Amino acid sequence: MTGVASLAPFLGGALALGGIGAALSGRRELLVRWCCWAVGVPLVVGAFWWGDPGVTALALVVGVVATLEFGALMGLPRPDRAVLAAAVSGVVLTSWLAPGHEVRAVAVGALALAAVPLLAGDSAHGLRRLGAGLLGLVWLGVLAGLAPLGVSALVLFIAVSVGDIVAYFAGQRLGGPRLSPLSPAKRWSGTLAGATAALGVLAALSALSLPMAVAVAVGAPAGDLIESMVKRGAQAKDSAHWLAGSGGLLDRIDSLLLALAVVLLLR
């Protein structure tokens with residue numbers, strides 16, 4: 001498995017090629033998105049370079065921001081969002097401070113989420129609030145796997161990111177049948193091309209294994225569709241509007257979340 005230091009040149013080259021491609025396309029949206037990547041990628045690599053404390057800090061920040069975006073999409077009241085953010089943070093911290101007790105942390109978080117509508121006596125929307133909260137806890141709680149996976153998580157992030165980019169361009173160029181009614185813009189051609197590219201990245205980084213392969217080829221596209229389902233239910237195009245060219249943070253990590261879950265389950 002390649003170390004973090006060895007991945008830095010690879011990421012730098014990928015960013016440079018991405019910048020050239022965005023510039024040649026002449027599309028302002030792609031240029032803005034590339035600028036966000038140019039800022040975000042060094043932060044991610046720096047966190048992994050720091051080790052478990054850095055990765056845990058990264059997972060906490062990402063988890064809280066993504067939780068707030070998810071809560072807004074689902075129309076959850078502020079108390080539910082606060083408890084959900086605390087529950088996700090608790091699972092992430094448990095994976096670092098008390099490895100092996102993550103399931104207990106999830107159970108405590110679930111009880112806390114159930115208590116909010118119960119104490120409010122919300123008979124009209126309590127079940128919906130609880131269901132949305134539990135979905136958010138399970139979906140975003142997998143960020144707790146970043147620190148235990150270590151450099152494998154960083155490699156997975158790179159492979160999924162490359163796969164997403166290739167799928168986006170290949171789907172537009174090749175066309176063909178739609179992947180799912182949940183996301184009409186996505187095509188099977190793009191999904192297969194993206195999976196092939198992601199598998200190639202894993203092979204190039206000496207990280208190709210069955211769990212990682214299934215994660216990038218199946219988990220990543222499925223994660224994208226899960227967020228599409230959530231956004232369609234909320235009648236929203238993006239999870240938020242603060243991240244230039246990308247909508248929200250949840251829009252950027254949706255594929256990674258389920259890919260992480262697949263790796264954690266198959267390991």
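Residue positions within a chain follow its written sequence, with the count starting from 1. The predicted nature of this model means local features are confined to residues of pLDDT at least 70 and side-chain atom pairs, given and counted, to a pLDDT of 80 or more, with totals for whole chains, interfaces and linings taken over all residues. Hydrogens and water molecules were not included; the side-chain quantities draw on all heavy atoms of the structure.

### Overview of the nonpolar core
Grouped burial of nonpolar side chains is what soluble globular proteins tend to show.
Argument step 1. Here, the term nonpolar core denotes a set of buried Ala, Val, Leu, Ile, Met, Phe, Trp, Tyr and Cys residues that are joined through side-chain atoms within 4.5 Å. Relative accessibility thresholds used throughout: buried, under 20% of the residue-type maximum; exposed, over 50%; partly exposed, between the two (1.4 Å probe, protein chains only). Among the nonpolar cores identified, the biggest contains 58 residues, and Phe48, Leu146, Leu154, Leu156, Ile158, Leu250 and Leu257 are the most heavily contacted of them.
Argument step 2. At 10 residues, the largest contribution of residues to this core is made by helix H11 (residues 249-266).
Argument step 3. Other than its neighbours up to four places away in sequence, Ile158 contacts Leu7, Phe10, Leu11, Val201 and Leu205. Numbering of helices and strands starts at the N terminus; helices are DSSP runs of H or I of at least 4 residues and strands are runs of E of at least 2. Here, residues are in contact when the closest pair of their heavy atoms is within 4.5 Å.

### Looking at helix H8 (residues 151-174)
Argument step 1. For H8, built from 24 residues, the straight-helix expectation of 34 Å at 1.5 Å per residue is met to within 8% by its first-to-last C-alpha distance of 34 Å.
Argument step 2. Following H8 by one or two positions, Gly175 has its phi on the positive side, about 70 degrees. Here, expected helix span is obtained from the residue count minus one, scaled by 1.5 Å.

### Considering the layout of surface pockets
Argument step 1. Approximately 370 Å³ is the volume attributed to the second largest pocket.
Argument step 2. In this structure, the second largest pocket is lined by 16 residues; those nearest its centre are Val91, Glu102, Gly141, Val142 and Leu264.
Argument step 3. Elements represented by at least two residues in the lining of the second largest pocket include exactly helix H4 (78-97), helix H5 (102-120), helix H6 (126-141) and H11.
Argument step 4. When its residues are assigned to classes, the lining of the second largest pocket shows 11 nonpolar, four polar and one charged. Here the term cavity refers to a set of points on a 1 Å grid, laid over the protein atoms alone, in which a 1.4 Å probe fits but cannot get out; the term pocket refers to an open set having protein on both sides within 12 Å along at least five of seven lines, with lining residues being those that place an atom within 4 Å of a point. Grid points are joined across faces, edges and corners, and a volume is the space filled by probe spheres set on the points. Ten residue types, Ala, Val, Leu, Ile, Met, Phe, Trp, Tyr, Cys and Pro, are classed as nonpolar, four, Asp, Glu, Lys and Arg, as charged, and the remainder, Gly among them, as polar.

### So, the environment of Arg187
Argument step 1. Assignment of secondary structure puts Arg187 in strand E2 (residues 183-187).
Argument step 2. If we skip the residues at most four places from it in the chain, Arg187 touches Gly171, Gly175, Gly176, Pro177, Arg178 and Leu179.

### Topic: unusual backbone geometry
Argument step 1. In this structure, Ser206 is a non-glycine residue whose phi angle is positive, near 55 degrees.
Argument step 2. Checked against the element boundaries, Ser206 lands in the loop between helix H9 (188-204) and helix H10 (210-234).
Argument step 3. Within the chain, Gln235 stands out as a residue other than glycine whose phi angle is a positive 55 degrees.
Argument step 4. Counting through the fold element by element, Gln235 comes out in the loop between H10 and H11.
Argument step 5. In this structure Gln235 comes out as exposed when scored by relative accessible area, which is 77%.

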